[in-house]
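Coordinate inspection notes
Here is what each chain is made of, one letter per residue.
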Amino acid sequence: MDQEIRTQVVVVGAGNAGLSAAVAARQGGADVVVLEKAPKEHRGGNSALTVHMLFAYDGAEDLKPLLADLSPEVLSRMNERVYGYTKEQYYDNIMNVTEGQSEPELARILVDRSYETVQWMRGLGHLWAPTFDNPISANAVSFDGGGFEMSNRWFAAFEKLGGTVHYDTQAVDLFQDDKGKVTGVRALGPHGFVNVHANVVIMAAGSFESNAEMRARYLGPLWDTVKLRGTPFNTGEGLQMAMNIGALPNGSWSSCHSSPQDANRPAFDYPGENKTGDFWSRYSYPYSVMVNHNGKRFVDEGETWRGLTYAKMGRAILAQPRGQAFQIFDAKHRELDVIRGYDKAEGFKSDTLEGLAEQLGIQDIPAFMATMHEYNNAVQPGEFGAFRPDGVSAVGIEPPRRNWALKFDKPPFEGFPVVCGMTFCYGGLKTTTTCQVTHTMDRPIPGLYAVGEMLGGLWHWNYPSGGGMMAGAVFGRIAGTHAAVEALA
Ligand SMILES: Cc1cc2nc3c(=O)[nH]c(=O)nc-3n(C[C@H](O)[C@H](O)[C@H](O)COP(=O)(O)OP(=O)(O)OC[C@H]3O[C@@H](n4cnc5c(N)ncnc54)[C@H](O)[C@@H]3O)c2cc1C
């Protein structure tokens, strides 16, 4: 016989968005149960593999209360190096990278409520660490202990408030009453089916990035073959369950977040201590020359800040012959310490560019040599600056090179093979601004909310680094707060 559970709010998925919602609903006075598909040892979703969340702030003073390490040295470097990130910059970045397609109302809420949400998280025990000395990232602060510790802090906060998590439990269906109101979730747990009856259901089950069939269906050819950067659990049932009862799909179902990854990375990842998902990321590409097997460049590697370009680089790499590319560095890049996080990468080194191309297995070596020759001739004089788009360009070449152009003239040269790594999908569900899921009949579905990757409409084509985690927390908190009111009414 099925097991029966009764609660006021049930949350499906225990990532950052689900736990933000669960904690907010608990703070609102509702009884909350969380269902999580992964076993406890792999809990936390993709959120547990992250590094940071992007929020607007006025300057170093806003960051200090968030930090675990407040040594005098950190404080003085912060005062020198941290300028702030205004709401307008954040909003403009979202609109620029999404080519104006992000829904303005959602983007505005995300930006306006970002810092207060971070303060709320700090009050719940979350902590940040300074990262403003990392040239490949513009983040001033990141989660202390990475996404793994951030995730542990969410579970601790939720359990302290008396919430319950059922692991190894996959939601499979939504219950509705005869008026169409959602009244709970059917799930498959370790001992069989469980019927969870609730006044409100909050869906936070990620997107369909871990489902090869859905990737091929919505993103197109070759996407079924890509490696995942995240966990294998986000296989799209959350979206399907909601659409089965009439939820309206929204946002960009044909585009996704994908980035340059080590060619040897595993097919997926689990959260783990002392590890973030960036272990396999090869994010120093803005300083490199990136070529394909035909020896040709195919993107402006140094278009602008890394955080505004990396999420579209995976797609560009997948479109190359064999879905592979090579990041090439000069000895000066090592001296400038801009090749960060590559210590465990299988790299190749040679005193000549030709020798390096042979080691990397680039198919058309004469074309590669011509590319490098042309590039070197195109580099303009200027002052290299690792920490900002420096305007040091290479002109008259295709694609252009806007920043961080250095001549390749100092051996040894280094090269790293990279592939496309799938992060998450942008397609989700249409919701109100309080995260209530919208029906295809253009009215809210009573009792159903969606947050995190499941909330569609924010991201299209590209994305600003840190936006996913911030959106999960901002909208998770909003959904949880409203769900508690609805559940207790
Ligand atoms: C390696 C990596 C690094 C990243 N780094 C960053 C970063 O630094 N900053 C940033 O902003 N974003 C980053 N992202 C993106 C970020 O992870 C997502 O935007 C964010 O985690 C989404 O949160 P979520 O809660 O919606 O999803 P998740 O954290 O993935 O949580 C979804 C949860 O739902 C569970 N689930 C799935 N289906 C079911 C079901 N049927 N029943 C019950 N449970 C289910 C899953 O097991 C999972 O625990 C990164 C992603 C990856 C993969």
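Residues numbered from 1 in each chain as written. Predicted model: local features only at pLDDT ≥ 70, side-chain atom pairs only at ≥ 80, totals over all residues. Heavy atoms only, no water.

1. Focus: the domain arrangement of the chain
By convention, interface size is frequently given as the accessible area that disappears when the constituent parts associate. Annotation of the chain at the domain level lists domain 1 (3–255 + 426–488) and domain 2 (260–421). For domain 1 versus domain 2, the distance between C-alpha centres works out to 32 Å. Contact residues are listed per partner, giving 37 residues for domain 1 and 36 residues for domain 2. Summing both partners gives a buried area of about 3,200 Å² for domain 1 against domain 2, and 61% of it is carried by carbon and sulfur. (Domains from an automatic or database assignment. Contact = heavy atoms within 4.5 Å. Buried area = accessible area lost by both parts, 1.4 Å probe.)

2. Things to note about the sheet that holds strand E2 (residues 9–12)
Within the open sheet, the 6 strands sit side by side as E6-E3-E2-E10-E20-E19. Their pairing is mixed. Each of the sheet's edge strands pairs with one partner strand only, and the pair in question is strand E6 (164–166) and strand E19 (436–438). The average angle at which neighbouring strand axes cross in this sheet is 35°, direction not considered. Direction of pairing for strand E3 (residues 32–35) relative to E6: parallel, over a ladder of 3 bridges. Across the sheet, residue Val34 finds its bridge partner in E6, namely Val165. Contacting E3 and E6, helix H7 (residues 146–160) crosses the sheet at an angle of about 125° to E6. (Pairing = 2+ DSSP bridges. Helix = DSSP H or I, 4+ residues; strand = E, 2+ residues; numbered from the N terminus. Axes fitted to C-alpha atoms, helices over the stretch in contact; angles between N-to-C directions.)

3. Focus: helix H8 (residues 212–219)
When we look at burial in H8, the residues that qualify are Met214, Arg215 and Leu219. Along H8, the residues classed as buried sweep out an arc of 105° about the axis, all on the same side. Between the side-chain oxygen of the N-cap and the backbone nitrogen of Glu213 there are 3.1 Å, and the N-cap of H8 in question is Asn211. Looking one or two residues past H8, Gly220 carries a phi angle of roughly 110°, positive in sign. (Buried < 20%, exposed > 50% of the residue type's maximum accessible area, 1.4 Å probe, protein only. Arc of directions from axis to C-beta. Polar contact = N/O pair within 3.5 Å; in protein donor to acceptor, adjacent residues only side chain to side chain.)

4. Concerning the nonpolar core
Of all hydrophobic cores here, the largest spans 87 residues; its most connected members are Val9, Phe55, Leu110, Trp128 and Phe475. Per-element accounting of this core gives the leading share, 11 residues, to helix H14 (residues 467–488). When residues no more than four places from it in sequence are discounted, the contact partners of Leu110 are Tyr90, Ile94, Leu458, Trp459, Met470, Ala471, Val474 and Phe475. With 38 residues, the next largest nonpolar core counts Val182, Val185, Met241 and Val437 among its residues. (Core = buried A, V, L, I, M, F, W, Y, C linked by side-chain atoms within 4.5 Å.)

5. With respect to the pattern of salt bridges
Tallying each qualifying case throughout the model produces 21 salt bridges. Between Arg402 and Asp300 there is a salt bridge, with the nearest N and O atoms lying 2.8 Å from each other. With Arg402 in the loop between helix H13 (365–378) and strand E17 (413–425) and Asp300 in the loop between strand E14 (289–291) and helix H10 (310–318), this residue pair connects regions lying 102 residues apart in the sequence. Classification of Arg402 by relative accessible area gives partly exposed; the value is 44%. Salt-bridge contacts for Asp330 lead to Lys332; the nearest nitrogen and oxygen are separated by 3.0 Å. With a relative accessible area of 0%, Asp330 lands in the buried category. (Salt bridge = Lys/Arg side-chain N within 4 Å of Asp/Glu carboxyl O.)

6. Considerations on the site of the ligand
Around the ligand, a shell composed of 38 residues is seen, among which Glu36, Ser47, His52, Glu237 and Met469 lie nearest. For the ligand, an oxygen atom lies 3.1 Å from a polar atom in the backbone of Ala17. Separating an oxygen atom of the ligand from a backbone N or O atom of Met469 is a distance of 2.8 Å. Compared with its free state, where it exposes 1,000 Å², the ligand has 98% of that area covered by protein. Those elements that provide at least two residues to the shell around the ligand are helix H1 (16–27), strand E7 (170–176), E17 and H14. A per-element tally of the shell around the ligand places H14 first, with 3 residues. When grouped by side-chain class, the residues that make up the shell around the ligand number 13 nonpolar, 20 polar and 5 charged. (Near = heavy atom within 4 Å. Areas by Shrake-Rupley, 256 points an atom, 1.4 Å probe, with all protein chains shown as cover. Nonpolar A, V, L, I, M, F, W, Y, C, P; charged D, E, K, R; others polar.)

7. Some remarks on the packing of helix H5 (residues 104–112) against H14
Following both chains from N to C, one finds H5 and H14 inclined at 95°, their axes separated by 9 Å at the closest point. If you check the angle between H5 and H14, you find them roughly perpendicular. When H5 is examined against H14, the residues Leu106, Ile109 and Leu110 are found in contact with a partner set consisting of Met470, Ala471, Val474, Phe475 and Ile478. Its residues assigned to classes, the contact of H5 with H14 comprises 8 nonpolar, no polar and no charged. (Parallel < 35°, antiparallel > 145°, perpendicular 65-115°, else oblique.)

8. What about unusual backbone geometry?
Residue Pro399 follows Glu398 across a cis peptide bond; omega there is -15°. Cis geometry is found at the peptide bond from Pro411 to Pro412, where omega equals 0°. The backbone of Asp168 shows a phi angle near 60°, a positive value even though the residue is not glycine. Its location among the elements puts Asp168 in the loop between E6 and E7. Of note in this structure, Leu222 is not a glycine but carries a positive phi near 80°.

9. Observations regarding helix H4 (residues 87–97)
Taken as a whole, H4 has its buried residues at Tyr90, Tyr91, Asn93, Ile94, Met95 and Val97. Close packing links the buried residues of H4 with H5, helix H6 (114–123) and H14. Just downstream of H4, Glu99 is the residue with a positive phi angle, here 55°.

10. Concerning the packing of helix H12 (residues 353–360) against H13
The description of two helices packed together rests on the angle between their axes and the distance between the axes. Running from amino to carboxyl end, H12 crosses H13 at an angle of 135°, the nearest separation of the two axes being 10 Å. In terms of their interaxial angle, H12 and H13 are classed as oblique. Two packed elements cross with a definite hand, and for H12 against H13 that hand is right-handed. Within the contact between the two elements, H12 uses Leu353, Glu354, Ala357 and Glu358 and H13 uses Ile365, Phe368, Met369 and Met372. Among the residues forming the contact of H12 with H13, the class breakdown is 6 nonpolar, no polar and 2 charged. (Left-handed = near helix turned anticlockwise from the far one by under 90°.)

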